[in-house]
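Results of the structural survey
Residue strings, one per chain:
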Amino acid sequence: MSLVTATAIWPIAAIAQSKAIAKIAIIGSLNQTAINVFKDGLREFGFVEGETIIILGSPASAASPEEVSKSVSNFISQKIDLIFASGAVAGRTAKAATSTLPIVCLTGDLVGAGLVQSLASPGGNITGISILTAEASAKRLELLKLLIPGLERVAAFYNVADPTAGLSLKPTEAAAKELQLTVEALGVRGESDFRNAFAAAIAARAQAIALTSNPLFDIAGSQIAELALQNKLATISFADSFPKVGGLVSYGPNIMGSYRRAAYFVSRILRGDKPENLPVEQPAKYNLGINLNTARALDISVPKGLLAFADEVIE
């Protein structure tokens, strides 16, 4: 059944059977664009802000567990009906705060983060989308090797404030070992740390930067792309938005598409389904994006075969 058909079958009147207006709290690391896409997705399923739903929450670039915990407590006191959590920190904090409120979470690995029992049978009060970008770690390093002949040393940025950062960092380190690359793991806590992180990468003689899977690196894509150019370092991200804001290359799922898809889970739950009965979804495809302008600025010659394989080429 297509999503369009499903929307038509579920009567909008069903919303009023339980509550006229539902309150949805948004927590975690996400920007305004992601919030808008999420709202657009809800609208497609008949949930319009100010008419059938109220959305609480605002953009946050780097949400620490303490900050998220305060937000969750505040939202719960406002008698919300559902939590949408972006990132593992938000998901785990929300799970610790309530075992009864439904939670829809978008993060790298819901199972690995301890948020659900399994993809097919989530159990408990959480479901959502597991984008599993860490599984593409090896491919991202392979792409860097194609772009930089003689590549030997790579710096991997990870979010120190995220207790689940290892879910992305460890696969990157394992892939580097297989590819005979040396990885320098560099932790950051927020956007103010990026300049020092690039300086540390230069000091470690890194020839490129690999961004591990974390919402922070998607939100701060423009700043990272600018610093990468200033420091003449090829940089690859999991986020498909990265080349659009000047980054060299990305390989991963459609992040904004995943935010839109999260609205499907919310709509199902608001219409009466339980999170435990909604299997966690995974992206069906990873996309390759390349910014040729950035490649030229870095004096990198992109192989024609790689360009032919790319889903998006920015010139």
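Just so it is clear, the structure is predicted and the values come from calculations on it, not from any experiment. (Residues numbered from 1 in each chain as written. Predicted model: local features only at pLDDT ≥ 70, side-chain atom pairs only at ≥ 80, totals over all residues. Heavy atoms only, no water.)

Some remarks on helix H3 (residues 32-44)
- Across its 13 residues, H3 extends 18 Å between first and last C-alpha, which sits within 8% of the 18 Å expected from 1.5 Å per residue.
- When H3 is considered as a whole, its buried residues turn out to be Ala34, Ile35, Val37, Phe38, Lys39, Gly41 and Leu42.
- Turning to H3, the residues buried within the fold contact strand S1 (22-28), strand S2 (53-56), strand S3 (82-86) and helix H11 (255-270).
- Regarding H3, its N-cap is Asn31, as a side-chain oxygen of that residue lies 3.3 Å from the backbone nitrogen of Thr33 further along. (Helix = DSSP H or I, 4+ residues; strand = E, 2+ residues; numbered from the N terminus. Expected span 1.5 Å × (residues − 1). Buried < 20%, exposed > 50% of the residue type's maximum accessible area, 1.4 Å probe, protein only. Contact = heavy atoms within 4.5 Å. Polar contact = N/O pair within 3.5 Å; in protein donor to acceptor, adjacent residues only side chain to side chain.)

A short note on the nonpolar core
- Within the largest apolar cluster, 51 residues are counted, with the highest numbers of intra-cluster contacts made by Phe38, Leu42, Phe84, Phe157 and Phe217.
- With 9 residues, H11 is the single largest residue contributor to this core. (Core = buried A, V, L, I, M, F, W, Y, C linked by side-chain atoms within 4.5 Å.)

Concerning the pairing of strand S10 (residues 249-252)
- Side chains of S10 alternate between two faces, with Val249 and Tyr251 and Ser250 and Gly252 buried alike.
- Relative to S10, strand S9 (residues 234-237) runs parallel, the two being bridged by 2 bridges. When the bridges of S10 are listed, Ile236 appears paired with Val249.
- Two strands pair when backbone bridges link them, and S10 and strand S11 (residues 287-291) are joined in this way by 4 bridges, in the antiparallel orientation. From the neighbouring strand, Val249 faces S11, where its bridge partner is Ile290. (Pairing = 2+ DSSP bridges.)

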